[in-house]
Amino acid sequence: MTQEQPMVPFLHPHQLNYIRNQLTNLVGVFYFAGDYRVLEASREGVVAALLALVPQATPEQRRLLEDGKNVRDKEELKLYISRLEPYVIPFPEITAAEIRKLFPKVKKLVLPDLANLDRTKLTYLGWRDIATQSVYLVYRSGEKWVGKECKYVPSPKNRMLQCSWCLSSGSGDEVALVTSRVKTKQIDGYKTFGNHLCLNSTTCNHHITSTAEIEAYLATLR
Ligand SMILES: [Zn+2]
């Protein structure tokens, strides 16, 4: 008899957020849909969406993802997410020296609190230096680290902006215009690229469900 291999991590943090969103919607349908067929259709939709996240899923991983359709309320959702958490692929480890290497031109670089990072909840690493109104973004692209230094301007308290990475809205210190300067081919030529981003990267990471926008933004800055 062959023993089944222990299941290895197979979900990225943003995928766990995506699953949580899908199932939060399903719980809403469970509460409000009077029609059994509507609920069944939503369940099938959720299963399809979850399985699409992991096209190469093993039979065991498939079973775990399919189980999501049985979630009926917030408690069950919490329980189900806690069953998935051991299978999250953490954000790769990065040292202070590696971070410094990404920002060679920054004097007195402020570092994030690396000892207390919950890497299972990070899609990107972001932190800010309030003194210089800078935001630092670090992302793992394939086998390479990418780091970007940006500037930010807090937005007016009465103006809501939407973060283009996680789609949450906020004002003032929550979501702001973050800009980065890129050298162009002309002599002394620079172009500035701007993006609305959360200034609190912990909350941002908690809401990110896709890496497409991060990769697109970093590609324009390359
Ligand atoms: Zn955000």
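These lines cover the structure that appears in this document, whether it is placed above or below. Since the model is a prediction, treat every value here as computed from it, not as a measurement. (Residues numbered from 1 in each chain as written. Predicted model: local features only at pLDDT ≥ 70, side-chain atom pairs only at ≥ 80, totals over all residues.)

Here the focus is the nonpolar core. Among the nonpolar cores identified, the biggest contains 25 residues, and Tyr 124, Val 135, Leu 137, Cys 163, Trp 165 and Cys 198 are the most heavily contacted of them. Elements that contribute at least two residues to this core include exactly strand E1 (125–129), strand E2 (134–141), strand E3 (144–153), strand E6 (175–183), strand E7 (190–198) and helix H7 (212–220). When residues of this core are assigned to their parent elements, the largest contribution, five residues, is made by E2. Apart from residues lying up to four places away in sequence, Val 135 is in contact with Gly 126, Arg 128, Cys 150, Tyr 152, Val 178 and Leu 199. One finds Leu 16, Leu 26, Leu 50 and Leu 65 within the second-largest nonpolar core, a separate group that totals ten residues. (Core = buried A, V, L, I, M, F, W, Y, C linked by C-beta atoms within 7 Å. Buried ≥ 20, exposed ≤ 12 C-beta atoms within 10 Å, placed from the backbone. Helix = DSSP H or I, 4+ residues; strand = E, 2+ residues; numbered from the N terminus. Contact = placed C-beta atoms within 7 Å.)

Here the focus is the pairing of E7. Relative to E7, E6 is paired through nine bridges, and the arrangement is antiparallel. Following the sheet pairing, Lys 183 is matched in E7 by Tyr 190. (Pairing = 2+ DSSP bridges.)

Glycine aside, negative phi is the norm for most residues, and most peptide bonds take the trans geometry. Here Lys 108, not a glycine, exhibits a phi torsion of approximately 50°, which is positive. Looking at where Lys 108 falls in the secondary structure, it is placed in the loop between helix H5 (96–102) and E1. The exposed category is assigned to Lys 108, around which 7 C-beta atoms lie within 10 Å. The phi torsion at Leu 167 lies on the positive side, around 70°, for a residue other than glycine.

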